[in-house]
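Coordinate inspection notes
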Amino acid sequence: MTFGAPWWLLGLCGLPIVLFAYVTARRRRQRRSTALAAQGLVVAGGQAQRRWRLHLPFALFVVALALLVIATARPMATIASVRRQATVVLAIDVSNSMAAKDVRPSRIAVAKKVARAFVKDQPSTVRIGVVAFGATPAIVQRPTSDHAADLAAIRSLTLGGGTSLSAGILSALDAIAGKTLRISEKALNADNSGNVDIGYFGGTTIVLISDGENTTPANPLTMARVASTAGVRIEALGVGTTTGTTVEISGFKVATAADPATLKSVASVTNGAFRQADARGAASAAKSVNLHFAVVSEHTEISALFALGAVLVLVLGSAVSLAWFGRVM
């Protein structure tokens, strides 16, 4: 057990003073009773066999006082509890093609909007991470139950570069594993992805938000198979239209169109689903998150338990004192 405000424990040093005051008061009362007995005003003895009863209410009061002092020191304990939880990584495409305005106000604006809606639709027990990917990926926010941090990470995303869906999926797997995964390019190139062992993360989900255009040679289906072998499901949200439009990159107009077929294939490899990136799609993806029961150890403040114990002991002491002596202490 640890304490958040350990200096309050100095209050326990006052308990011997309370005990000394009690003993002094009892001795003074005993001397007075003896003096009165000598004058024949009271009957001496009679309660010796019940002396422990005289001290029990005070002993309970001291215990209650000690518990209150400990409560003020904010005791902390590691408590194991069972709760439903899940881990999700939002992998958001931030390539130059996401600046296209074939959906209003732009593909990236729509992507951010559905990502925010997804986060807000999740309970606090769902840990959410954010990965941004273009030609190269970056973990913007590691999985956390602090959803405000997730929303801030989504707001901070900026565009640039080409698109590597494979790199985006791998970076999302890094965020889930909590480390940089090393995968043999030879195994991927030979399409032995089903034999690539990165560990097992059953029940976790990658929500891939992209227009689906892939501008690098790496095959996203191969990386999706790696994710599937690791027990990770990919839910895809497609942004943009298949008719497409043009986007200006470094002074040149470049044609761009959404590729939902690739996103559907990536999702289906992992038993996930493809949806359009809109309010309905975000809500449907949010409901697909696999919440599972897990035993979680948390360092929790238990001041309330000590305070409750103090109250119960104090009530017990008062009840005993009233029952035996007709008064409280």
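To start, this report covers the structure provided alongside it. Just so it is clear, the model here is predicted, and its values are computed rather than measured.

The rules behind the values
- Residues numbered from 1 in each chain as written.
- Predicted model: local features only at pLDDT ≥ 70, side-chain atom pairs only at ≥ 80, totals over all residues.
- Heavy atoms only, no water.
- Salt bridge = Lys/Arg side-chain N within 4 Å of Asp/Glu carboxyl O.
- Buried < 20%, exposed > 50% of the residue type's maximum accessible area, 1.4 Å probe, protein only.
- Patch = residues over 30% accessible without salt bridge, like charges linked within 9 Å, V, L, I, M, F, W, Y side chains within 5 Å.
- Areas by Shrake-Rupley, 256 points an atom, 1.4 Å probe, with all protein chains shown as cover.
- Helix = DSSP H or I, 4+ residues; strand = E, 2+ residues; numbered from the N terminus.
- Axes fitted to C-alpha atoms, helices over the stretch in contact; angles between N-to-C directions.
- Parallel < 35°, antiparallel > 145°, perpendicular 65-115°, else oblique.
- Left-handed = near helix turned anticlockwise from the far one by under 90°.
- Contact = heavy atoms within 4.5 Å.
- Nonpolar A, V, L, I, M, F, W, Y, C, P; charged D, E, K, R; others polar.
- Phe/Tyr/Trp six-rings, centres within 6.5 Å; stacked < 30°, edge-to-face > 60°.

This paragraph deals with the pattern of salt bridges. As enumerated under the stated definition, the model contains five salt bridges in all. Across the pair D102 and R107 runs a salt bridge whose closest N-O atoms are separated by 2.8 Å. Both residues of the pair, D102 and R107, belong to the buried class. One network of salt bridges, with partners in common, ties together D102, R107 and D211.

Take a nonpolar patch on the surface next. Among the surface-exposed residues, W7, W8 and L10 lie close enough to one another that they form a single nonpolar patch of about 420 Å² accessible area. When you line up the elements, W8 lands in the loop between β1 (2–3) and α1 (15–38). Of the residues examined, W8 reaches a relative accessible area of 48% and is grouped as partly exposed.

Taken N-terminus to C-terminus, the directions of helix α5 (residues 165–177) and helix α7 (residues 220–229) make an angle of 20°; their axes are 8 Å apart at the nearest point. It follows that α5 is roughly parallel to α7 by the angle criterion. As for how α5 packs across α7, the hand of that crossing is left-handed. Mapping the contact onto sequence places L165, S166, I169, L170 and L173 in α5 and P220, M223, A224, V226 and A227 in α7. Residue classes in the contact of α5 with α7 are distributed as nine nonpolar, one polar and no charged.

Glancing now at the packing of aromatic side chains. Applying the stated criterion across every chain yields a total of two aromatic pairs. Judged by centre distance (3.7 Å) and plane angle (5°), the rings of Y22 and F58 are stacked. Placement of the pair is Y22 in helix α1 and F58 in helix α2 (residues 51–72), with a sequence separation of 36 residues. The exposure class of F58 is buried, given its relative accessible area of 7%. Put simply, the rings of Y22, F58 and F61 pair up and form one aromatic cluster.

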